[in-house]
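# Coordinate inspection notes
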Amino acid sequence: MTVIRLPGVHNLRDVGGIPVGDSQLRDGVLLRSGQLAQLKPEGQDGLRSLVARVIDLRDDVEVLREPSALTGVPVQRIPLLLGSVESFFAADTDLEGLYRHLVDECAAQLVAVVRILAAGEPTLVHCTLGKDRTGVIVALALSAVGADRDAVVADYALTASQLPVERNRAVAEYLRAHLPDARNAIQLATESPAPVMADLLADLDQRYGSVAAYLQASGLTDAELQALRAALVV
């Protein structure tokens, strides 16, 4: 797992190197980040040298509000949430509830992302922060190929430390002012607690037998699962 610094992009990293049994995840195949609206011109070439494809998990409103500044790389949009981001804040949804929504209500979209990853092209997956939607799909893809569970959870948890402190402070102040009764809003906007991801993956293990079995129950074929492993694992 390698954190990459490019001007204007937060939470950018390559998950290569995470252990998979006696092997490891391949470098340069799966990268993750937050949105690319603030990508600086000097970061364009750097990002284009790293990835051949981008998967944007944001909805139409988010994309219109913060359009990507990256050019020259194909972008495939697969919005994950059923409903707007704002609706989850308004409902005071906690992270556990949001992630359960993703795996229970958005399985077809999750499988669509995994199919793209299985093609093996160097791919960047991002949402707005690279925390929740990106965090869930990356954790699922890595778990499906047998990546070390503790390392997968640690990769998810790393996100909170990669978000700008000033941004988190401003968001927290805004939420306290505009959603004073919300108990979960600040966690939803700024945190990535390891136990939340560990519990999600354990729940899928309990309900389906494994994360791979969950994806297969959601439409991923045996051949596609094998292709995902071939793409991601050295």
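First things first, this report covers the structure right here in the doc. (Residues numbered from 1 in each chain as written. Predicted model: local features only at pLDDT ≥ 70, side-chain atom pairs only at ≥ 80, totals over all residues. Heavy atoms only, no water.)

### A look at unusual backbone geometry
In this structure, Asn 11 takes a positive phi of about 65° despite not being glycine. Considering the arrangement of structural elements, one finds Asn 11 in the loop between β1 (2-3) and β2 (13-14). (Helix = DSSP H or I, 4+ residues; strand = E, 2+ residues; numbered from the N terminus.)

### Points about the packing of helix α4 (residues 95-105) against helix α5 (residues 107-118)
The N-to-C vectors of α4 and α5 enclose an angle of 80°; their axes lie 5 Å apart at closest approach. Put simply, α4 runs roughly perpendicular to α5. In contact with Leu 102, Val 103 and Glu 105 of α4, α5 contributes Ala 107, Gln 109 and Leu 110. Grouping the constituent residues of the contact of α4 with α5 by class yields 4 nonpolar, 1 polar and 1 charged. (Axes fitted to C-alpha atoms, helices over the stretch in contact; angles between N-to-C directions. Parallel < 35°, antiparallel > 145°, perpendicular 65-115°, else oblique. Contact = heavy atoms within 4.5 Å. Nonpolar A, V, L, I, M, F, W, Y, C, P; charged D, E, K, R; others polar.)

### Details of the sheet that holds β2
If you trace the 6 strands from one edge of the open sheet to the other, you get β1-β2-β5-β8-β6-β7, paired in mixed fashion. Because the sheet does not close on itself, it has two edges, and the strands there are β1 and β7 (75-77). As paired elements, strand β5 (residues 30-33) and strand β8 (residues 123-126) share 4 bridges and run parallel to each other. Of the residues in β8, the one forming a bridge with Leu 30 is Thr 123. The sheet strands contacting α5 are β5, β6 (53-56), β7 and β8, and the helix crosses β6 at an angle near 170°. (Pairing = 2+ DSSP bridges.)

### Thoughts on the environment of Glu 173
With respect to the helices and strands, the residue Glu 173 is situated in helix α8 (residues 165-178). Take Glu 173: its relative accessible area is 49%, and that puts it in the partly exposed class. Glu 173 sits 12 residues away from Ser 161 along the chain, and the two C-alpha atoms are 19 Å apart. (Buried < 20%, exposed > 50% of the residue type's maximum accessible area, 1.4 Å probe, protein only.)

### Focus: the nonpolar core
Ranked by internal contacts, the top residues of the largest apolar core, which has 60 residues, are Leu 25, Tyr 99, Leu 140, Leu 142, Met 197 and Leu 232. Excluding anything up to four places from it in sequence, Tyr 99 contacts Lys 131, Asp 132, Val 136, Tyr 156, Val 196, Met 197 and Leu 200. Residues Leu 12, Leu 36, Leu 70 and Val 73 belong to the second largest nonpolar core, which totals 13 residues. (Core = buried A, V, L, I, M, F, W, Y, C linked by side-chain atoms within 4.5 Å.)

Shape descriptors only; they carry no functional weight alone.
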